[in-house]
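Read off the chains here:
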Amino acid sequence: MSHGISHPVNDPSLVSYHRPELLALMPQLEQAYDCWTLLNADGRGAAKEKYLHREPAEPQSAYASRLDRATYAPIYRDSIKSYAGLLSRFQLIDAPKSLQNSSDNVDLQGSSIQSFMNHVDELALRDGGTFVMVDMMPESSSDNFFDQMNDGRSPYFISVKRGDVINWNVSYERGRETVNQVTVRMLRSMPDPEGQFGSRVEPVYYVLTPGLVEMYVLRKEAASRWANVKVDEIRTTLPIVPIVWYGATTTRFAQGDMPMAGLADLSIQHYQMRSDLAELLHKCAMPVPVRKGAPIGPDGQPAPLVLGPNTAVDLSAEGGDFKFAEPSGMSIQRHQAEITHVEELMDRSSLNFLYGANVKTATEASLRASQVSSSVQSLVRNKTAAFGVLMRLWAWFSGEQSQITSESGLAMNDSLITKPVEASEIAQLVNLYSQELLSRRTVLDELQRGGVIDPDLVVEDEIRRIEEEHVEKQALMLEDAADRLEAGFGKVEELQPEAPSELDPEPPTKSANAKSEGDTPEKAQKAAEQAK
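Chemist: Help me get a handle on the overall build of the protein, residues and values and all.
Modeler: Helix and strand counts for the protein stand at 15 helices and twelve strands. Taken over 532 residues, the protein has a buried fraction of 32%. Pairs at least 24 residues apart make up 61% of the contacts formed inside the protein by residues separated by at least 6 positions. When the accessible surface of the protein is totalled, it reaches about 33200 Å², and 51% of it is carbon and sulfur.

What follows is the structure in structure tokens.
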């Protein structure tokens, strides 16, 4: 975190002066940074020795080997990424047109608005808060076509870590917070005067006040005397300081605790205990050969012990014995049980139980999820408030204040952690809807709350689309019925000329009727004779 900077931090006359509350928070910020980088911030395993100290009388080679064998589990970093993932689903509401056009590159470094805010969420969770600045690209005097095509001026975001805002001045008037001055420390790479291809990192201090940005560096005038040197200053038209605080636990400027500090402490303890267990297994897990009654050689020393599939051990006839001795006691089991206990404590501070890391009952998972949900809802409110200010600063820089409305900002779902809806519950909801005991909107709301439907889906728009599709389906059915009816009428008209000859035959003639009537008595008499 210090980056090798040795500037004074307690001299209020220097631009490098740090606020006392920030100095008190620096050890926690440094530990959180080490846990975030898996103890590899300044090189592979460079921070291991800060948390695994050398034991008294331990040889340096043994200590170095112990550090190499120790491994750090990334539970802390994975938990923060899981939390930040819950906050990554949002939508821009009534954003300025220039912000919409720059949504794929909001920081001039190729980061989209989603990836940039996800990074900011991670910093807010890790450090308890972070800062975001809004700046405008400077005007360019180039007049050729290529520069004009690649020099489109627009506002952009700058992510500033909590430890890099070293000083600030805030006033309160009628309960309203006003930021009067902020000092931001940034690092820039400078050519190394000792070599043509070398470079060195130099801290630069930006003092932000309403309408003015001043840039300072420190120069050493004597052995222990430093002086402020103003390098540049830029006038702006903003009546406020263009930097926004995004806190994890509070919206007060640069205030708030670190919500994941407890998990960082547990992760360090977990790392130390796993290192002790690995050292114990390394030294004691291998059985030790024990030989009694070894024959003495001509030099007065027992013969060397050689173990292998093709060797034998000579022992004296009386009292000779050979065996493998294993460490006794319960130290290894106790170490393992204690590590398991620490992992359970870490599990309660993270989201692992929601993803099946440990088998939990539905009731226990629901109770723990309610605690996490409370923290997430607080983060959602703080993130929404911070981004609302960022969007207005962006519009101020781009001259698009008229496009800002009272609804401008982020739209997020504050019910991001809920008990998932099971298949049986979905069937019950559908059954209640089919029996007209629940409305369509209620069913959709419950499915969305249970994670079945995308939380970004707008239920009102979905209901409107369903109704529109229903109207279209009814219109298609009516059109199809009309086509079938018209086809039936056409078929009847085709069959109409043939109908008189088939359906209405000519009436029989008189002679034919008389003949049929005359035949009837004769047939009856013949039938009676046959019956006799």
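Chemist: How would you explain a nonpolar patch on the surface if you had to name every residue and give the values?
Modeler: A contiguous nonpolar surface patch, about 280 Å² in accessible area, is contributed by L305, L307 and F324. Topologically, L305 is positioned in the loop between strand 10 (288-292) and strand 11 (321-325).

Chemist: With reference to specific residues and values, describe the pattern of salt bridges.
Modeler: A full pass over the atoms with the stated rule returns 20 salt bridges. The partner of R66 in a salt bridge is E58, and the shortest N-O contact between them spans 3.0 Å. The salt bridge partner of R225 is E221, with a shortest N-O separation of 3.6 Å. Where salt bridges share partners, they join E214, K230, E233 and R235 into one cluster.

Chemist: Kindly report on the environment of Q60, identifying the contributing residues and their values.
Modeler: Inspection of the secondary structure assignment puts Q60 in helix 3 (residues 60-69). Owing to a relative accessible area of 45%, Q60 belongs among the partly exposed residues under this scheme. One polar contact links Q60 to R54, side chain to side chain, over a distance of 2.9 Å.

Chemist: I'd love a proper account of the packing of helix 1 (residues 20-36) against helix 6 (residues 113-127), names of residues and values included.
Modeler: The N-to-C vectors of helix 1 and helix 6 enclose an angle of 130 degrees; their axes lie 9 Å apart at closest approach. Taken together, the axes of helix 1 and helix 6 are oblique relative to one another. Every residue of helix 6 that contacts helix 1 at L29, A32, Y33 and W36 is listed here: E122, R126 and D127. Along the lines of polarity and charge, the residues of the contact of helix 1 with helix 6 split into four nonpolar, no polar and three charged.

Chemist: So what's going on with the sheet that holds strand 8 (residues 225-235)? Residues and values would help.
Modeler: Within the open sheet, the five strands sit side by side as 4-5-6-7-8. Their pairing is antiparallel. Strand pairing shows two members of the sheet lacking a second neighbour, strand 4 (165-173) and strand 8, which therefore form its edges. Between one strand axis and the next, the sheet turns by 25 degrees as a mean value, whatever way the strands run. Pairing of strand 5 (residues 176-191) with strand 6 (residues 199-209), which is carried by ten bridges, proceeds in the antiparallel orientation. Residue S189 lies in a different strand from strand 6, and its bridge partner there is V201.

Chemist: Please set out the sheet that holds strand 3 (residues 155-160) residue by residue, giving values where relevant.
Modeler: Read from one edge of the open sheet, three strands run 3-2-9, paired in antiparallel fashion. One side of each edge strand has no neighbouring strand; the edge strands of this open sheet are strand 3 and strand 9 (243-247). Here the average twist between neighbouring strands, direction ignored, is 25 degrees. By the bridge criterion, six bridges tie strand 2 (residues 129-136) to strand 3 in an arrangement that is antiparallel. Residue pairing for strand 3: M133 is matched across the bridge by I158. Running over the sheet, helix 6 touches strand 2, strand 3 and strand 9 and is turned about 145 degrees from strand 2.

Chemist: Report on the packing of aromatic side chains, specifying residues and quantitative values.
Modeler: Applying the stated rule across the entire model yields six aromatic pairs. With a centroid separation of 4.8 Å and an interplanar angle of 55 degrees, the aromatic rings of F131 and W245 are classed as tilted. Here F131 is found in strand 2, whereas its partner W245 is found in strand 9, with 114 residues between them in sequence. Residue F131 is classed as buried on the basis of its relative accessible area, which comes to 1%. Looking at W245, the relative accessible area reads 7%, which means it is buried.

Conventions and cut-offs
Residues numbered from 1 in each chain as written. Predicted model: local features only at pLDDT ≥ 70, side-chain atom pairs only at ≥ 80, totals over all residues. Heavy atoms only, no water. Helix = DSSP H or I, 4+ residues; strand = E, 2+ residues; numbered from the N terminus. Buried < 20%, exposed > 50% of the residue type's maximum accessible area, 1.4 Å probe, protein only. Contact = heavy atoms within 4.5 Å. Areas by Shrake-Rupley, 256 points an atom, 1.4 Å probe, with all protein chains shown as cover. Patch = residues over 30% accessible without salt bridge, like charges linked within 9 Å, V, L, I, M, F, W, Y side chains within 5 Å. Salt bridge = Lys/Arg side-chain N within 4 Å of Asp/Glu carboxyl O. Polar contact = N/O pair within 3.5 Å; in protein donor to acceptor, adjacent residues only side chain to side chain. Axes fitted to C-alpha atoms, helices over the stretch in contact; angles between N-to-C directions. Parallel < 35°, antiparallel > 145°, perpendicular 65-115°, else oblique. Nonpolar A, V, L, I, M, F, W, Y, C, P; charged D, E, K, R; others polar. Pairing = 2+ DSSP bridges. Phe/Tyr/Trp six-rings, centres within 6.5 Å; stacked < 30°, edge-to-face > 60°.

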